[in-house]
Number of protein chains: 2
Amino acid sequence: MPLTANNPNRQTWIDVPENSDFPIQNIPFGVFLTKNDIITIGTRIGDTAIDLGALHQLGYFKGIDLTDDIFLQDTLNDFIADGRKTWRLVRNRVSDIFLKGNHELQTNRAHASKVLFDIKDVEMQLPVDVGDYTDFYASKEHATNVGSLFRDPENALLPNWLHIPIGYHGRSSSIIPSGTPIRRPMGQMKPGEDGIPNFGPSKLLDFELEMAFITTDANHLGSRVEMAEAEDHIFGLVQFNDWSARDIQAWEYVPLGPFLGKSFASTISPWIVTLDALEPFRTEGPVQDPTPLPYLKQEGKMNFDIKLQAAIKPQNGEATVVCESNFKYMYWSMAQQLTHHTLNGCNVRSGDMMGSGTISGPTKDSYGSMLELTWRGQNPIKLSDGTERKFINDGDTVIMRAYCEKDGLRIGFGDCDGEVLPAK
Amino acid sequence: MPLTANNPNRQTWIDVPENSDFPIQNIPFGVFLTKNDIITIGTRIGDTAIDLGALHQLGYFKGIDLTDDIFLQDTLNDFIADGRKTWRLVRNRVSDIFLKGNHELQTNRAHASKVLFDIKDVEMQLPVDVGDYTDFYASKEHATNVGSLFRDPENALLPNWLHIPIGYHGRSSSIIPSGTPIRRPMGQMKPGEDGIPNFGPSKLLDFELEMAFITTDANHLGSRVEMAEAEDHIFGLVQFNDWSARDIQAWEYVPLGPFLGKSFASTISPWIVTLDALEPFRTEGPVQDPTPLPYLKQEGKMNFDIKLQAAIKPQNGEATVVCESNFKYMYWSMAQQLTHHTLNGCNVRSGDMMGSGTISGPTKDSYGSMLELTWRGQNPIKLSDGTERKFINDGDTVIMRAYCEKDGLRIGFGDCDGEVLPAK
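Since we're looking at a predicted model, the values are computed, not measured.

Let us now look at the UniProt feature "domain: Fumarylacetoacetase-like C-terminal" (unreviewed entry) in chain A. In this structure's numbering, the residues bearing the UniProt feature "domain: Fumarylacetoacetase-like C-terminal" (unreviewed entry) are residues 133-416 of chain A. Annotation note: span residues 133-416 of chain A, helix share 12%, strand share 31%, distance between end C-alpha atoms 18 Å.

In structure tokens form, the structure reads like this:
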């Protein structure tokens, strides 16, 4: 099926501000609450939120095989389970409805008033009920930096890292949409000289600049996903801040991995940008040496050129960008991650989320966490208000952005922000 | 509210076989499919499955504040969310309905035919939709054994272990009820001399003898559960086999913990035995030295005396018991696990599951995994059919049992079994 919605020449009758993340070529999917307290599945063009439930009730999706209530739900899980063919039909249809020159909805005021909302008047929700969330560790630069800081600079990259997309299970319950404040976590930290572990608010609160993909039902328990079909099971991506308390993490993580150092909050951007919308931004990934085992070998453009940014905004100050990275630096691709995840027969379901791990690039200003940027606090970062940061302070808002840009077309992810509240 | 259902003198008009796990003092909760393809929430006395949805429709729960469809669901999540007071009212009421001398249901054939089923005629389902599953590592003997085998016998117990209930996030999607076959997982294993990792079916497939508890909504994100109220948020327990592929696990687990070595299958017994039913079997846990930090300190009888057993049944042979342990050996109690889990503000929801980790006792025949029982295959176990096992073979069924017994009262968990199928 052609991705007509991707045509860069398409223009819409909706007003789209310059440099918007949401031109008519994006058409992301999300869930929002309207002023009338109705939860619905929707999309967005420019600063206009579009109620897909209302559009469907008004007959705009005729001919597409959808259940009547598919968009009148508080998660996208069922729609995602409908599969790629359906996502494409809906995305292309939405693109048609809002195409400049199509007056069907534009001139029908009664319909338009039911379907279109100012983005300021809706409240974004979590787009999916995340059944299981896995976080990978797929940037070689990040794994090397963390290995140097937490373990041994001489053997920073562990022997398994170049053979396996290393990952671990994360906590689903504490995934929150952009804008939800983050409470600084309490925890146990490494013992002082008296041998008694410290207890109190984390002193080393950090962000991790990541992306995450959302899957559809990929396989039954006991079967597995082949590399060639892996991307068919990826619905789309969100930006992802994997908040981390480095002092809690350092004390607890051996031998079973990160736990309370991560599970207090994970922020995502609430619009899922489809893999289809990102198709024009495919690019080569890093060279994989040694060659992965046959089940993990992938040919062609495995990665996506998505610019990533993290900024810190003090409570009464302006934001300062502290890191610029790119999703294309990821060593193990999303398809490789998903394929490896199911190798043992583990079943992946609609709405599951898989994080990339921190995406650090090759240069020091592309490191995706304060741990790496300040080298564990040794080199504090100066913000535009003159203050310095080793890690994140109470009152700081961490602002992440992700977008693709090529030939005048920009496809972005919108807000991925969280303000840190003091510990309680 | 009194736990009248716990009275050891109560007798029921239902026929209960000798040594049944399910006397009238148990009244566990589960979900089953009837012969008529109806899914309902139910309980069990002896070998009789009891349809709570039908009982409720027939008016037997009058006076208890329950929504009409609370038992007409395919999971217990909503019922569990109703809270402890409601669970107790329902459990006491069921106990009254089936008490010897109460003829209300017994003599009403029309009602009884709608409510009572032979256990052989129902198909047990997963009792809850597990939002998040956490596995702890709470047996000191197990942690010491694994530390000796995987790392350093001189420093087997890591420095954090005596201060924190160490745990990690597990995979929810692959939790399955007793009776579901397990497919031997494929995976990557440690490189041979050529430096290339091995790929193929796991050769070191193992069980882990565990218990797991199911929670209700315990706290909001950013707040935490205090020790004194922790048990109020525990609905009940199931037995739990945390299947493990030791060769996959050994190669992948550093530094982020177990992943594909565990996520291929986790078997639970499908009846949730309430914490209330286990109340008579409270007992002291191991002495905790050093004393836990104040937030983790718990007084009194923290543990439960639950006998645990694992047996291996070859395809055409009899079962041989290979391990006898006890839930009371667990160093960190359930209340401590739950309290620690929420210390950082991580929210725990109705239907979440927390595993104990392998419960190994002090003697060699009480070790809760083949890894420990055979000391990584050095001391194979002889089965009653004359064959030997270092780990689990294709065609073997691992049979786990858990029950409490005191003064002639036995409260048990029923079946927790899984047969291993060859890799595919």
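Take helix 9 (residues 334-342) of chain B next. Burial of helix 9 of chain B is extensive: 9 of the 9 residues sit out of reach of the surface. If you check which residues of helix 9 of chain B are buried, you get Met334, Ala335, Gln336, Gln337, Leu338, Thr339, His340, His341 and Thr342 of chain B.

It is worth spelling out the pattern of salt bridges at this point. Side chains that differ in sign of charge can pair as their charged atoms come close. For the structure shown, the criterion picks out 40 salt bridges over all chains. Connected through shared salt-bridge partners, Asp206, Glu208, Asp242, Arg246 and Lys262 of chain A make up one network.

Attention now goes to the pairing of strand 11 (residues 197-201) of chain A. Residue and element names in this part refer to chain A. Summarising the sheet, strand 10 (residues 186-191) and strand 11 pair through 5 bridges and their orientation is antiparallel. Residue pairing in the sheet places Met189 in a bridge with Asn198 of strand 11. Between the end of strand 10 and the start of strand 11, which pair antiparallel, lie 5 residues, with Gly195 showing a positive phi angle near 80 degrees.

Attention now goes to the sheet that holds strand 2 (residues 39-45) of chain A. Residues and elements named next belong to chain A. With antiparallel pairing, the 5 strands of this open sheet are ordered in space as 4-3-2-1-5. Two strands lie at the open edges of the sheet, namely strand 4 (116-118) and strand 5 (123-124), each paired on one side alone. Bridge count between strand 2 and strand 3 (residues 48-51): 4 bridges; the pairing is antiparallel. Paired with Gly42 across the strands is Asp51, a residue of strand 3.

Grouped together as the largest cluster of nonpolar side chains are 240 residues, with contacts concentrated most on Phe98 and Ile306 of chain A together with Phe98 and Ile306 of chain B. When residues no more than four places from it in sequence are discounted, the contact partners of Ile306 of chain A are Met211, Leu237, Leu278, Ser325, Asn326, Phe327, Ala402, Tyr403, Cys404 and Phe413 of chain A.

Glancing now at the side chain of Thr86 of chain A. Residue and element names in this part refer to chain A. Note on placement: Thr86 falls in helix 3 (residues 84-97). The class for Thr86 is buried, based on a relative accessible area of 11%. Excluding its chain neighbours within four sequence positions, the residues that come into contact with Thr86 are Leu66 and Phe79.

Attention shifts here to the UniProt feature "active site" (unreviewed entry) in chain A. As annotated in UniProt, the feature "active site" (unreviewed entry) corresponds to His142 of chain A in the numbering used here. A residue is classified by how much of its surface remains accessible, and His142 of chain A, at 3% relative accessible area, is buried.

Time to look at the sheet that holds strand 4 (residues 116-118) of chain B. Strand order in the open sheet formed by 5 strands is 4-3-2-1-5 (chain B), with antiparallel pairing between adjacent strands. Only two strands of the sheet have a single neighbouring strand rather than two, namely strand 4 and strand 5 (123-124) of chain B.

This part covers a negative patch on the surface. Where like charges cluster on the molecular surface, the negative patch consists of Asp65, Asp68, Asp69, Asp78 and Asp82 of chain A. Asp68 of chain A sits in the exposed class, given a relative accessible area of 68%.

Residue and element names in this part refer to chain A. When you tally the buried positions in strand 14 (residues 234-241), you get 8 out of 8 residues, the bulk of the element. Of the pairings in the sheet, the one linking strand 13 (residues 209-215) to strand 14 comprises 7 bridges and is antiparallel in character. Of the residues in strand 14, the one forming a bridge with Ile214 is Gly236. Sheet topology places strand 14 next to strand 17 (residues 273-274); 2 bridges connect them, and they run antiparallel. Paired with Leu237 across the two strands is Val273, which belongs to strand 17. Two elements, strand 14 and strand 16 (residues 266-268), share 2 bridges in a ladder whose sense is antiparallel. Note on strand 16: the bridge partner recorded for Asn241 is Thr267.

Right, let's get into the relation of the copies chain B and chain A. Relative to chain A, chain B is turned by 180 degrees and slid 0.0 Å along the rotation axis, the superposed coordinates differing by an RMSD of 0.0 Å. What the superposition gives is, in effect, a two-fold axis relating one chain to the other. Of the C-alpha atoms belonging to chain B, the one lying closest to the rotation axis is found on Gly257 of chain B, 2.2 Å away. A share of 100% of interface residues in chain B that are also interface residues in chain A marks the association as one of identical surfaces.

Attention now moves to the packing of aromatic side chains. We describe a pair of aromatic rings using the distance from one ring centre to the other and the angle between the two ring planes. Residues and elements named next belong to chain A. Under the defined criterion, the tally for this structure stands at 34 aromatic pairs over all chains. Summarising the aromatic geometry, the rings of Phe150 and Tyr253 are spaced 5.8 Å apart at their centres and angled 45 degrees between planes, so their arrangement reads as tilted. A residue pair is termed long-range when its members are at least 10 positions apart, and Phe150 in helix 5 (residues 140-150) and Tyr253 in the loop between helix 6 (246-252) and strand 16 qualify at 103 residues. Neither Phe150 nor Tyr253 differs from the other in exposure class; each is buried. Taken together, the aromatic side chains of Phe29, Phe61, Phe71, Phe79, Trp87 and Phe235 make up a single cluster linked through ring pairs. One cation-aromatic arrangement involves Lys406 over Phe281; the distance from NZ or CZ to the ring centre is 6.0 Å. Positioned over the ring face of Tyr403 is Arg410, at 3.8 Å from the centre of the ring.

Basis of the calculations
- Residues numbered from 1 in each chain as written.
- Chains lettered and ligands numbered in written order.
- Predicted model: local features only at pLDDT ≥ 70, side-chain atom pairs only at ≥ 80, totals over all residues.
- Heavy atoms only, no water.
- UniProt positions renumbered as here; feature names shortened; annotations may be inferred.
- Helix = DSSP H or I, 4+ residues; strand = E, 2+ residues; numbered from the N terminus.
- Buried < 20%, exposed > 50% of the residue type's maximum accessible area, 1.4 Å probe, protein only.
- Salt bridge = Lys/Arg side-chain N within 4 Å of Asp/Glu carboxyl O.
- Pairing = 2+ DSSP bridges.
- Core = buried A, V, L, I, M, F, W, Y, C linked by side-chain atoms within 4.5 Å.
- Contact = heavy atoms within 4.5 Å.
- Patch = residues over 30% accessible without salt bridge, like charges linked within 9 Å, V, L, I, M, F, W, Y side chains within 5 Å.
- Areas by Shrake-Rupley, 256 points an atom, 1.4 Å probe, with all protein chains shown as cover.
- Lys, Arg positive; Asp, Glu negative; His and termini not counted.
- Charge placed at Lys NZ, Arg CZ, Asp CG, Glu CD.
- Least-squares fit on C-alpha atoms with pLDDT ≥ 70 in both.
- Phe/Tyr/Trp six-rings, centres within 6.5 Å; stacked < 30°, edge-to-face > 60°.
- Lys NZ or Arg CZ within 6 Å of the ring centre and 35° of its normal.

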